[in-house]
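# Structural overview for review
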Amino acid sequence: MKYPIALLVLVLAGCGQQADADRARLDTLLTNRPIDSVILTSLRSTNVLTGPAAWKYVEALSASNRLKGVSSKAQLDVWVSLMSGTNQVAQLSRYDTGDWEFGDFAFRLRSSP
């Protein structure tokens with residue numbers, strides 16, 4: 001019986017490490033890549049933010065505006081694509097609970113974009 005518990009501990013520890021790596025990757029992308037547009041895609045519509053509106057949206061995703069979130073099976077609300085020209089820099093998921101995900105990194109925002 002102790003082997004399944006040991007396996008569960010290893011899996012959970014590995015998930016935490018991947019979330020930390022994804023958090024660091026998001027921080028790097030937000031600070032080192034020029035993001036000039038943000039595409040917000042839901043099942044009903046697509047909106048594109050450019051210029052100052054896009055910069056403000058990206059600024060709201062900064063590490064100083066993030067709180068620990070919960071990775072859950074909530075209803076997906078919006079896919080957020082961060083773009084540099086025609087290249088997708090990152091894609092995040094925003095859920096109806098207010099939680100966000102980038103890879104295995106789950107977070108909430110102090111103030112919404």
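Please read all numbers here as calculations on a predicted model, not as lab measurements.

This part covers the layout of surface pockets. Taken as a whole, the largest pocket holds about 200 Å³ of empty space. Sorting the residues of the lining of the largest pocket by element identifies α1 (2-32), β3 (66-68) and β7 (105-109) as the ones contributing at least two each. Looking at the lining of the largest pocket, its residues break down into five nonpolar, one polar and four charged.

The next point concerns the packing of aromatic side chains. Enumeration over the complete set of coordinates arrives at three aromatic pairs. Pairing Trp-100 with Phe-107 gives two aromatic rings, centres 6.0 Å apart and planes at 15°, and the pair type is stacked. No difference in accessibility class separates Trp-100 from Phe-107, as the two residues are buried. The interplanar angle of 25° and the centroid separation of 5.1 Å between the aromatic rings of Phe-105 and Phe-107 together place this pair among those described as stacked. Take Phe-105: its relative accessible area is 12%, and that puts it in the buried class. In this structure Phe-107 comes out as buried when scored by relative accessible area, which is 0%. Grouped by ring-pair contacts, the aromatic residues Tyr-57, Trp-100, Phe-105 and Phe-107 constitute a single cluster. Stacked on the ring of Phe-107, the Lys or Arg Arg-66 has its end atom at 5.4 Å from the ring centre.

Counting residues in hydrophobic clusters, the biggest one holds 21 residues, and the most contacted among them are Val-38, Leu-61, Val-80, Leu-82, Leu-92, Trp-100 and Phe-107. Taken together, the elements giving at least two residues each to this core come down to α1, β1 (37-41), α2 (51-60), β4 (76-84), β5 (87-95), β6 (100-102) and β7. Among all residues touching Trp-100, those that are not within four sequence positions of it are Tyr-57, Leu-61, Val-80, Leu-92, Ser-93, Arg-94, Phe-105, Ala-106, Phe-107, Leu-109 and Pro-113.

Quick look at the side chain of Ser-37 now. Counting through the fold element by element, Ser-37 comes out in strand β1. Not counting residues within four places of it along the chain, the set of residues in contact with Ser-37 comprises Leu-49, Thr-50, Ala-54, Ser-81, Leu-82 and Met-83.

In this structure the tally under the stated criterion is five salt bridges. Arg-23 is the partner of Asp-27 in a salt bridge, and the nearest nitrogen-oxygen pair spans 3.4 Å. In this pair, Asp-27 and Arg-23 both sit in helix α1, four residues apart, roughly one turn of the helix. One salt bridge in this structure joins Asp-27 and Arg-66, with 2.2 Å as the shortest N-O distance. Here the residue Asp-27 occupies a position in helix α1, and Arg-66 occupies one in strand β3, the gap between them amounting to 39 residues. Residue Asp-27 shares its accessibility class with Arg-66, and that shared class is buried. Taken together, the salt bridges that share partners define one network made up of Arg-23, Asp-27 and Arg-66.

Now for the environment of Glu-59. Mapping Glu-59 onto the fold places it in helix α2. It is 8.1 Å that separates the C-alpha atoms of Glu-59 and Pro-113, two residues lying 54 residues apart in sequence.

Cut-offs applied
- Residues numbered from 1 in each chain as written.
- Predicted model: local features only at pLDDT ≥ 70, side-chain atom pairs only at ≥ 80, totals over all residues.
- Heavy atoms only, no water.
- 1 Å grid on protein atoms, 1.4 Å probe; cavity = no way out; pocket = protein on both sides within 12 Å on 5 of 7 lines; lining within 4 Å.
- Points joined across faces, edges and corners; volume = space filled by probe spheres on them.
- Helix = DSSP H or I, 4+ residues; strand = E, 2+ residues; numbered from the N terminus.
- Nonpolar A, V, L, I, M, F, W, Y, C, P; charged D, E, K, R; others polar.
- Phe/Tyr/Trp six-rings, centres within 6.5 Å; stacked < 30°, edge-to-face > 60°.
- Buried < 20%, exposed > 50% of the residue type's maximum accessible area, 1.4 Å probe, protein only.
- Lys NZ or Arg CZ within 6 Å of the ring centre and 35° of its normal.
- Core = buried A, V, L, I, M, F, W, Y, C linked by side-chain atoms within 4.5 Å.
- Contact = heavy atoms within 4.5 Å.
- Salt bridge = Lys/Arg side-chain N within 4 Å of Asp/Glu carboxyl O.

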